[in-house]
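# Chains, contacts and geometry: an overview
For reference, the chains in residue letters:
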Amino acid sequence: MSAHGPAIPMTSHRAKPLQGIAEVPGDKSISHRALILGALSIGETRIKGLLDGQDVLDTARAMRAFGAEVTDHGQGNWSVHGVGVGGFAEPEDVIDCGNSGTGVRLIMGTMSTSPITATFTGDASLRSRPMRRITDPIGLFGAASYGREGGRLPMTVVGAKSPMPVRYVVPVPSAQVKSAVLLAGLNAPGETVVIEAEATRDHTERMLKGFGADLSVEQTAEGRVITLKGQPELRALDIEVPRDPSSAAFPVCAALIVEGSDVLVPGIGLNPTRSGLFITLREMGADLSYENEREEGGEPVVDMRARFSSAIKGVEVPPERAASMIDEFPILSVVAAFAEGRTVMRGVKELRVKESDRIDAMARGLEACGVMVEEDEDTLIVHGMGAGGVPGGACAEARLDHRIAMSFLIAGMASERPVSVDDAGPIATSFPIFEGLMVSLGAKLKRTDG
Ligand code: S3P
C-alpha cells in the first residue's frame, strides 16, 4: 500500500533519447520552512512555487491545526496568515505528517516551546524512524515527550511552559535536527546556540533571517556555530521557492545514462549545501553544464543542461561531501551502475534511517538488476557495468520511499530489460508530476498490475 492509497506498480522500459525541458517542482525543504515560518510570523506571507507534494500538503494541514490560516490559491501560489512566535494553539486532533520526516521533526521542534500538547503520527515508514534525535534536544528546552519503544511515533509532545534557551551540539549531521532546535529556540528567551560539525542545508538559517530573526553564523574549530536571539517578532515575507535540486537529480541523471539524450532543467536551486551530487557527476566525467547562473529569493539558481556521455567513470565520493548530497545517493548509485569502474560511497550511514534503509533498498534492487554491490553499515560500493550495460529485468521494492521508486524507474530507462517497482505511489510525496514529466521527455513508463 502507498501512504495514501493502493499500490501503483510501474515498469520502466528502455527509452529512446530523452529530449526537452524538464520543469521540476518547488524545493521540498524550502516549502516546509516557508509554511512553518509563515505560520510563526505576523501578517500575510505569500509563497510562489510551493511544492504541492503530499509531504508539504501534510505540513500545510498541520499549520492549520496549530491555528494559522493557510490558503492554496492554485498553481503553487499560497498564503499564510501567521499567529506569531509562541502563538500556536493546541491542535484538536492527532497531527498526521504522512511520510515526512522533515515535516514532523520541524513541527515538533516548533511547538515544543509553547505550553500546548500535540500528538504526532505518520505512515508505516515514518512510524519506524528515530525521533530521539528531536526529543533529546527539545527536552533540554523543558518539553516532555512520550512515544513508542525506541522513540518512535506515535508520540505526544508536551511543550515547555517556561522554556530555557539551549546550547546544542548536533550529534549527527542533520538539517532536520538543527532546524528543529532553532525553531524551538524561537520561543525561548535569550540566545539559543546550535553547533554543527559538518555543514548541512542552511535553508532555515537563510529564511529565519529573511523573516527578520536576529541570527548569526560563525565558522569555528568546533564547526558552524549558529546563534539565534529568542522571541523575535517575525514579519511576513514574500517567498519564491526555487525548483528542487533533489528532484532535478532524476531527469539530469536519466539524461546522463540514456544514450543520445539532451535535457535542460531550468531554475534549479544550487545552494552549496545541496550541490554535492552535481559536483560528483562532473568528477565522473558527466556532460553537465550550468547556464544563466543567478540569485533568486536569497538562493543561488542555475539552468542545468545534461547530455548523455558514454565516458562516465566511477569515483570515490569524499565522506565530507555526504551531507550536501544525502538525498541523492540512491540516484547516484544508479548512475554508478552505468559507469566504468567502481563508485565508492563512504560515510553514508544516515541513509539507513531515511524513508527506508536506502543502502539496503538500493543494494538489493541493483543486485536484482544484475549489478554487483558491496555494503557495510556506513558504505555502499557499486561496480559499474558501463553505458547500457545493466541487465535489468527485475522488480525492485520501493519500501514507501519516493527516491527509491524514482531511482529504479530511471535505471529501467537505460537497462537492457525493463525494471519495475512494486509501488510508485510514494513519488507523489516530493515529485507528483514525475511520471508525466519523464514521459514528455521520452521515457516509457507503464503502470502495471502487481
Ligand atoms: C531535510 C534534511 C535531510 C534530508 C531531508 C530533508 C530538510 O534530512 O534527507 O530529505 O529539509 O531539513 P536529515 O536532516 O535527516 O539529514
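Sequence order sets the numbering: in each chain, residues are counted from 1 along the sequence as written. A pLDDT threshold of at least 70 governs which residues receive local features in this predicted model, and a stricter bar of 80 or more applies before side-chain atom pairs are shown or counted, although totals over entire chains, interfaces and linings include all residues. The side-chain numbers reported here are obtained from all heavy atoms of the structure, hydrogens and water having been left aside.

### Focus on the pattern of salt bridges
- Any Lys or Arg side-chain nitrogen located within 4 Å of an Asp or Glu carboxyl oxygen qualifies as a salt bridge. Taken as a whole and judged by the stated rule, the model has 37 salt bridges.
- Asp-357 is the salt-bridge partner of Arg-352, the closest N and O atoms lying 3.0 Å from each other.
- Of the charged contacts in the structure, one is a salt bridge between Arg-364 and Glu-375, with a shortest N-O distance of 2.9 Å. In this pair, Arg-364 sits in helix H11 (residues 358-368) while Glu-375 sits in strand S20 (residues 372-376), placing the two residues eleven residues apart along the sequence. Elements are defined by DSSP. Helices are runs of H or I of four residues or more, strands are runs of E of two residues or more, and each kind is numbered from the N terminus.

### As for the packing of helix H10 (residues 329-337) against H11
- Interaxial angle, 0 to 180 degrees, is taken between N-to-C directions of lines fitted to C-alpha atoms, where a helix line uses only the stretch in contact. At a minimum axis distance of 10 Å, the contact between H10 and H11 shows a crossing angle of 30°. Comparing the axis directions of H10 and H11 gives the class roughly parallel. Where H10 crosses over H11, the two elements pack in a sense that is right-handed. Every residue of H11 that contacts H10 at Pro-330, Ser-333, Val-334 and Ala-337 is listed here: Arg-358, Met-362 and Leu-366.
- Under the scheme applied here, ten amino acids are nonpolar (Ala, Val, Leu, Ile, Met, Phe, Trp, Tyr, Cys and Pro), four are charged (Asp, Glu, Lys and Arg), and all others, including Gly, are polar. Of the residues assigned to the contact of H10 with H11, the class counts are five nonpolar, one polar and one charged. An angle counts as roughly parallel when it lies under 35 degrees, as roughly antiparallel when it exceeds 145, as roughly perpendicular when it falls between 65 and 115, and as oblique in every other case. Helix crossings fall into two classes, left-handed where the near helix is turned counterclockwise from the far one by less than a right angle and right-handed where it is turned clockwise. Residues count as neighbours in contact if any of their non-hydrogen atoms are within 4.5 Å of one another.

### Focus: the packing of aromatic side chains
- Here a pair means two rings of Phe, Tyr or Trp (six-membered ring of Trp) with centres within 6.5 Å. Their orientation is stacked below 30 degrees between planes, edge-to-face above 60, and tilted elsewhere. Under the definition given, this model contains three aromatic pairs.
- Ring centres of Phe-66 and Phe-88 lie 4.6 Å apart, and the angle between their planes is 20°; this geometry places the pair in the stacked category. With Phe-66 in the loop between helix H2 (54-65) and strand S4 (69-74) and Phe-88 in the loop between strand S5 (77-81) and strand S6 (95-96), this pair connects stretches of sequence that are 22 residues apart.
- A 1.4 Å probe rolled over the protein chains alone gives each residue an accessible area, and that area as a share of the maximum for its type sets the label: buried under 20%, exposed over 50%, partly exposed in between. On the basis of relative accessibility, which here comes to 7%, the residue Phe-88 falls in the buried class.
- Judged by centre distance (5.4 Å) and plane angle (75°), the rings of Phe-431 and Phe-434 are edge-to-face.
- Under the relative-accessibility criterion, Phe-431 is labelled buried at 0%.
- Among the aromatic residues, those joined into a ring-pair cluster are Phe-250, Phe-431 and Phe-434.

### Quick word on the sheet that holds S5
- The criterion for strand pairing is that DSSP finds at least two bridges linking the strands in question. Reading across from one edge, S4-S5-S3-S14 is the order of the four strands in this open sheet, with mixed pairing throughout. Two strands lie at the open edges of the sheet, namely S4 and strand S14 (238-240), each paired on one side alone. Strand-to-strand twist of the sheet, defined as the mean angle between neighbouring strand axes without regard to direction, takes the value 15°.
- With three bridges connecting them, strand S3 (residues 44-48) and S14 associate as parallel partners. Each bridged residue has a counterpart across the sheet, and for Ile-47 the counterpart in S14 is Ile-239.
- Running over the sheet, helix H1 (residues 28-39) touches S3, S4, S5 and S14 and is turned about 30° from S5.
- Against the sheet, H2 contacts S4 and S5, and its axis sits at roughly 140° relative to S4.

Without other data, these values stay purely geometric and don't point to any function.
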